[in-house]
Amino acid sequence: MAVFKRKHKVSSQISRIEALKCTPIKNVHVKETRLENGAVLLTYPVAMRPWITGLIRRFGGHSERTFTRKLQLDDLGTHVWDLIDGINTVQKVIQRFAEKYQFHLKEAEVSVTRFLRELGRRGIIGLQ
Amino acid sequence: MDWREIAWNGVRCEIPDSWEVVKIGLRYLMFAEKSAPMMEIKWGQIRGKFSHHSQLRRLAMQQRKKFGKTLKEIPLPPEWRTPLSEFISVAFSWHSQTISGSGAVLYCPTCKTATLMQFFQKHSAHSTALVQHILGSFQDHSRDNRVIWALFDIRALIPAEFDLIKYRFDAGQYELIFSYKKQKITLWRWVPASVLLHKQNLEEFAHRVTRFALKKTVAPVRADPDWVEWEVLPSTPWWSRWRSRRLLGHAPTYYRFWHLREKNRIFGVKIEGKQAIDSEFVNSICAGYGSV
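1. A closer look at the overall build of chain A
In terms of regular secondary structure, chain A is built from five helices and five strands. The secondary structure elements of chain A, listed N-terminal to C-terminal, are α-β-β-β-α-β-α-α-α-β. The 128 residues of chain A split such that 33% are buried. Summed over all atoms, the accessible surface of chain A reaches about 9100 Å², with 54% contributed by carbon and sulfur.

2. A few points about helix α5 (residues 105-121) of chain A
If you check α5(A), its first and last C-alpha atoms are 24 Å apart, about what 17 residues at 1.5 Å a residue would give, namely 24 Å. Three or more residues of α5(A) are buried, namely A:Lys106, A:Glu107, A:Ala108, A:Glu109, A:Val112, A:Phe115, A:Leu116 and A:Leu119.

3. Considerations on the sheet that holds strand β4 (residues 28-33) of chain B
The pairing of strands in a sheet comes from backbone hydrogen bonds and takes either a parallel or an antiparallel form. Residues and elements named next belong to chain B. Taken in spatial order, the seven strands line up as β3-β4-β5-β9-β8-β7-β6 in an open sheet, and their pairing is antiparallel. Of all the strands in the sheet, just β3 (20-25) and β6 (72-74) have a single pairing partner and so form its edges. Going from strand to strand, the sheet's axes swing by 20 degrees on average, the running direction of each strand aside. The pairing of β4 with strand β5 (residues 36-45) spans six bridges and is classified as antiparallel. Pairing of Met30 across the sheet is with Glu40, part of β5. Strands β5 and β9 (113-121) of the sheet are contacted by helix α3 (residues 128-137), whose axis makes an angle of about 160 degrees with β9.

4. Some words on the interface of chain A and chain B
At the interface, twelve residues of chain A touch 20 residues of chain B. Buried area between chain A and chain B, both sides added, is near 1300 Å², and the carbon and sulfur share of it is 54%. Considering only the side of chain A, the residues that lose the most area to chain B are A:Gln102, A:His104 and A:Glu107, jointly responsible for 41% of the buried surface there. Taken together, chain A and chain B are joined by three salt bridges. The partner of A:Lys106 in a salt bridge is B:Glu20, and the shortest N-O contact between them spans 3.3 Å.

5. Considerations on the pattern of salt bridges
For the structure shown, the criterion picks out 21 salt bridges over all chains. The partner of B:Arg256 in a salt bridge is B:Glu229, with the nearest N and O atoms 3.4 Å apart. Taken together, the positions of B:Arg256 in strand β17 (residues 253-260) and B:Glu229 in strand β16 (residues 227-232) put the pair 27 residues apart, joining distant regions of the chain. We note that B:Arg256, like B:Glu229, is buried. Among the salt bridges present, the one from B:Lys270 reaches B:Glu272, with a minimum N-O distance of 3.6 Å. Assigned by exposure class, B:Lys270 and B:Glu272 land together as buried. Through salt bridges that share partners, A:Arg16, A:Lys106, A:Glu109 and B:Glu20 make up one connected network.

6. Let's talk about the nonpolar core
Residues B:Phe31, B:Met39, B:Ile158, B:Phe178, B:Ile185, B:Leu187 and B:Ile271 are the most contacted members of the largest nonpolar core, which totals 55 residues. Dropping the residues within four chain positions of it, B:Ile271 is found in contact with B:Lys184, B:Ile185, B:Pro252, B:Thr253, B:Tyr254, B:Ile277, B:Phe281, B:Val282 and B:Ile285. Among the nonpolar cores identified, the runner-up in size contains 29 residues, and A:Val46, A:Leu76, A:Val93 and A:Ala108 belong to it.

7. Concerning the side chain of B:Arg189
Within the fold, B:Arg189 resides in strand β14 (residues 183-190). Among the polar contacts listed, one links the side chain of B:Arg189 to the side chain of B:Asp153, at a separation of 2.8 Å. Excluding residues that lie within four positions of it along the chain, B:Arg189 makes contacts with A:Glu107, B:Asp153, B:Ile154, B:Gly172, B:Gln173, B:Tyr174, B:Arg265, B:Ile266, B:Phe267 and B:Tyr289.

8. Some words on the pairing of strand β18 (residues 265-272) of chain B
All names here are of chain B. Most of β18 is tucked away, with eight of its eight residues classed as buried. Of the two faces of β18, the one holding Arg265, Phe267, Val269 and Ile271 and the one holding Ile266, Gly268, Lys270 and Glu272 are both buried throughout. Where β14 lies against β18, seven bridges are found, and the strand directions are antiparallel. Across the sheet, the residue bridging to Thr186 is Lys270, located in β18. Two elements, β17 and β18, share seven bridges in a ladder whose sense is antiparallel. Note on β18: the bridge partner recorded for His259 is Ile266.

9. Some thoughts on the packing of helix α4 (residues 90-101) of chain A against α5(A)
Residue and element names in this part refer to chain A. The contact between α4 and α5 brings their axes to 9 Å, and the two run at 125 degrees. Taken together, the axes of α4 and α5 are oblique relative to one another. Note that α4 runs across α5; the crossing there is right-handed. On α5, the residues touching Val90, Val93, Ile94, Gln95, Phe97 and Ala98 of α4 are Leu105, Ala108, Glu109, Ser111, Val112, Thr113 and Leu116. Of the residues that constitute the contact of α4 with α5, the class distribution is nine nonpolar, three polar and one charged.

10. Topic: a nonpolar patch on the surface
All names here are of chain A. A contiguous nonpolar surface patch, about 420 Å² in accessible area, is contributed by Trp51, Leu55 and Phe59. Secondary-structure assignment places Trp51 in helix α2 (residues 50-58). Note on Trp51: relative accessible area 59%, which makes it exposed.

Criteria and cut-off values
Residues numbered from 1 in each chain as written. Chains lettered and ligands numbered in written order. Predicted model: local features only at pLDDT ≥ 70, side-chain atom pairs only at ≥ 80, totals over all residues. Heavy atoms only, no water. Helix = DSSP H or I, 4+ residues; strand = E, 2+ residues; numbered from the N terminus. Buried < 20%, exposed > 50% of the residue type's maximum accessible area, 1.4 Å probe, protein only. Areas by Shrake-Rupley, 256 points an atom, 1.4 Å probe, with all protein chains shown as cover. Expected span 1.5 Å × (residues − 1). Pairing = 2+ DSSP bridges. Axes fitted to C-alpha atoms, helices over the stretch in contact; angles between N-to-C directions. Contact = heavy atoms within 4.5 Å. Buried area = accessible area lost by both parts, 1.4 Å probe. Salt bridge = Lys/Arg side-chain N within 4 Å of Asp/Glu carboxyl O. Core = buried A, V, L, I, M, F, W, Y, C linked by side-chain atoms within 4.5 Å. Polar contact = N/O pair within 3.5 Å; in protein donor to acceptor, adjacent residues only side chain to side chain. Parallel < 35°, antiparallel > 145°, perpendicular 65-115°, else oblique. Left-handed = near helix turned anticlockwise from the far one by under 90°. Nonpolar A, V, L, I, M, F, W, Y, C, P; charged D, E, K, R; others polar. Patch = residues over 30% accessible without salt bridge, like charges linked within 9 Å, V, L, I, M, F, W, Y side chains within 5 Å.

Take a look at the structure:
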């Protein structure tokens, strides 16, 4: 009987090599503010959960479905953010980052990919 | 081809510069090139009689269970004989649907260490010269009672009696802790120093990472902008004195931090023990530790 047959999920994960060849692109809705100390403050839109929107509407609040959040980058994050220009691939960003701070290449890869993944999770960047 | 030295927990060899360490264990190393596995080394001390054949049988069973590989003993390739002349060796090969490999089980009669080295071949076989170079550079014991630890960008020389009890390779921070009887050596490495020391000096940074406040118990030995060292006496409350006497004795803990500007790195060494720490010992540890 096929009722209890395990369904195989189709994996959408890409390999490490493929991921390194991707180009990170900034979300056009993200606002970038350069602070006095040179660091970058990002203001990015976040979609509200439908049940929260419903609740707000019920209490007579606004019907907007997005709100904004802020993220302040440190020196390293700012440098990576500046390297995201729509041309540099992830591999190139890692190489430039490693060169600038004299990181071991593997170490730079770990920290840059972790940072890019976090930006991607927040919808601040995308990969193409 | 450029070669790089790798040394970890007693074993040492040279690998191509394009290979990277992808898995680390206490007695295990795995190397890859562009995400493809290239070489694996496992080793351990043997107590009693060593049999290559029983080791190979065990390995064959493990491999079959894991990957369905067909492992078989083969005659030692003639080009491996000279580099492995100091070892008693048995060669083997295996293949699965996607990948194949060959390697050798080595036994060193001098230090009684057994090592399994295997080379993975996915698309093409490794060149004979490459395998010969790796096998020729392989060592499983030191000749001067000091063990080399060289991985990623750090290299340290630690007395052979010290065992590695903890290691951490995080992005930006490495930590290795060695122990022998009641003595402990901790090695640190931080990067990038230019960012870490942007809003604080080396002394403040050292205090922050070692989590001890600047108190009367701290006796600076020498201080300059790129170098700080302290001997920290056990804290004064009676229970701490009693505890530290029981656990470590009453000897001060030694800290040294230095900033290597040309490499943009900060190195740190902590030595603690039951007896007073010999300055020559401290200097030898710090002199042998650095960046490659």
